[in-house]
Amino acid sequence: MALSTQKTTNPVVAVFKDGDYVLYRDPAMYWAGKPGHTFVCRVKKAWATGVYDLTALLSDRLVEFARPDYMRLLPPIDAMRDIDTAPLHTDGAAADMTAAALAWLTQQHATANGRPELPAPRG
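Notes on the structure follow. Since the model is a prediction, treat every value here as computed from it, not as a measurement. (Residues numbered from 1 in each chain as written. Predicted model: local features only at pLDDT ≥ 70, side-chain atom pairs only at ≥ 80, totals over all residues. Heavy atoms only, no water.)

**Observations regarding the overall build of the protein**
The number of helices and strands found in the protein is 3 helices and 5 strands. Counting from the amino terminus, helix and strand elements in the protein follow one another as β-α-β-β-β-β-α-α. By the burial criterion, 20% of the 123 residues in the protein qualify as buried. Sequence-distant contacts in the protein: of pairs separated by 6 or more residues, those separated by 24 or more amount to 35%. Of the roughly 10,200 Å² of accessible surface on the protein, 58% is carried by carbon and sulfur atoms. (Helix = DSSP H or I, 4+ residues; strand = E, 2+ residues; numbered from the N terminus. Buried < 20%, exposed > 50% of the residue type's maximum accessible area, 1.4 Å probe, protein only. Contact = heavy atoms within 4.5 Å. Areas by Shrake-Rupley, 256 points an atom, 1.4 Å probe, with all protein chains shown as cover.)

The structure is reproduced here in structure tokens:
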């Protein structure tokens, strides 16, 4: 009897934390060919069994016991890339930035140039 020399490997499954933003694909809807099967969620609860409860961002719908094989992390670096790579010292730089990037920079400007909040004097 010949033994196989092939190694079998288990796929690596991602681990998510409460509060992570993920792209979730509902497998039942996907395999049935229904529209709207993929949407952005926030991890609400991570279960010890390796599944997750998610909240869909647009509909606020609860997705219970989502398997991580149908989830992909949406890293903050991707959401912030337009801010991180924006040309700040050229004419029309703001024209190439998203509204979210402009709002964030406006908020940072107001915070950086405002009076610092100091604690109330003691006694």
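**Things to note about the nonpolar core**
Counting residues in each nonpolar core, the largest one holds 12 residues, listed as F16, V22, Y24, F39, C41, V43, Y52, L54, A56, V63, A66 and M71. Taken together, the elements giving at least two residues each to this core come down to β1 (21-25), β2 (38-46), β3 (52-56) and β4 (62-66). Not counting chain neighbours up to four residues away, the residues in contact with L54 comprise V22, Y24, C41, R42, V43, K44, R61, L62, V63, A66 and M71. (Core = buried A, V, L, I, M, F, W, Y, C linked by side-chain atoms within 4.5 Å.)

**Notes on unusual backbone geometry**
Although it is not a glycine, D60 sits at a positive phi angle of roughly 65 degrees. Topologically, D60 is positioned in the loop between β3 and β4. Non-glycine residue F65 carries a positive phi angle of around 55 degrees.

**Points about a nonpolar patch on the surface**
A contiguous nonpolar patch, built from Y21, L23, V40, L57 and L74 and spanning about 370 Å² of accessible area, is present on the exposed surface. By the element assignment, Y21 lies in strand β1. (Patch = residues over 30% accessible without salt bridge, like charges linked within 9 Å, V, L, I, M, F, W, Y side chains within 5 Å. Salt bridge = Lys/Arg side-chain N within 4 Å of Asp/Glu carboxyl O.)

**Regarding the sheet that holds β4**
Pairing within the open sheet is antiparallel, and its 5 strands lie in the order β4-β3-β2-β1-β5. Each having just a single partner strand, β4 and β5 (71-73) make up the two edges of the open sheet. On average, each strand axis in the sheet is inclined to that of its neighbour by 40 degrees, with strand direction left out of account. In terms of strand pairing, β2 meets β3 through 5 bridges, oriented antiparallel. (Pairing = 2+ DSSP bridges. Axes fitted to C-alpha atoms, helices over the stretch in contact; angles between N-to-C directions.)

**Quick look at the packing of aromatic side chains**
When we look at a pair of aromatic rings, we describe it by the centre distance and by the angle of the planes. Taken as a whole, this structure holds 4 aromatic pairs when the rule is applied. Between K45 and the ring centre of W47, over which it is positioned, the NZ or CZ distance is 4.5 Å. (Phe/Tyr/Trp six-rings, centres within 6.5 Å; stacked < 30°, edge-to-face > 60°. Lys NZ or Arg CZ within 6 Å of the ring centre and 35° of its normal.)

**Details of the pattern of salt bridges**
This model, assessed by the stated rule, comprises 3 salt bridges. Taking the shortest distance from any N to any O, the salt bridge between R67 and D69 comes out at 2.9 Å. For R67, a relative accessible area of 44% corresponds to the partly exposed category.

**A word on the pairing of β4**
The pairing of β3 with β4 spans 3 bridges and is antiparallel. Along β4, the bridge assignment pairs T55 with L62. The antiparallel hairpin formed by β3 and β4 contains 5 residues in its connecting segment, where D60 sits at a positive phi of about 65 degrees.

**Thoughts on the environment of R72**
Note that R72 resides in strand β5. Residue classification places R72 among the exposed positions, given a relative accessible area of 53%. On a C-alpha basis, the gap between R72 and V40 in space is 9.5 Å, while along the polypeptide they are 32 residues apart. Those residues in contact with R72, other than ones at most four positions away along the chain, are F16, Y21, V22 and L23. At a separation of 3.2 Å, a polar atom in the side chain of R72 contacts the main-chain carbonyl oxygen of D69. (Polar contact = N/O pair within 3.5 Å; in protein donor to acceptor, adjacent residues only side chain to side chain.)

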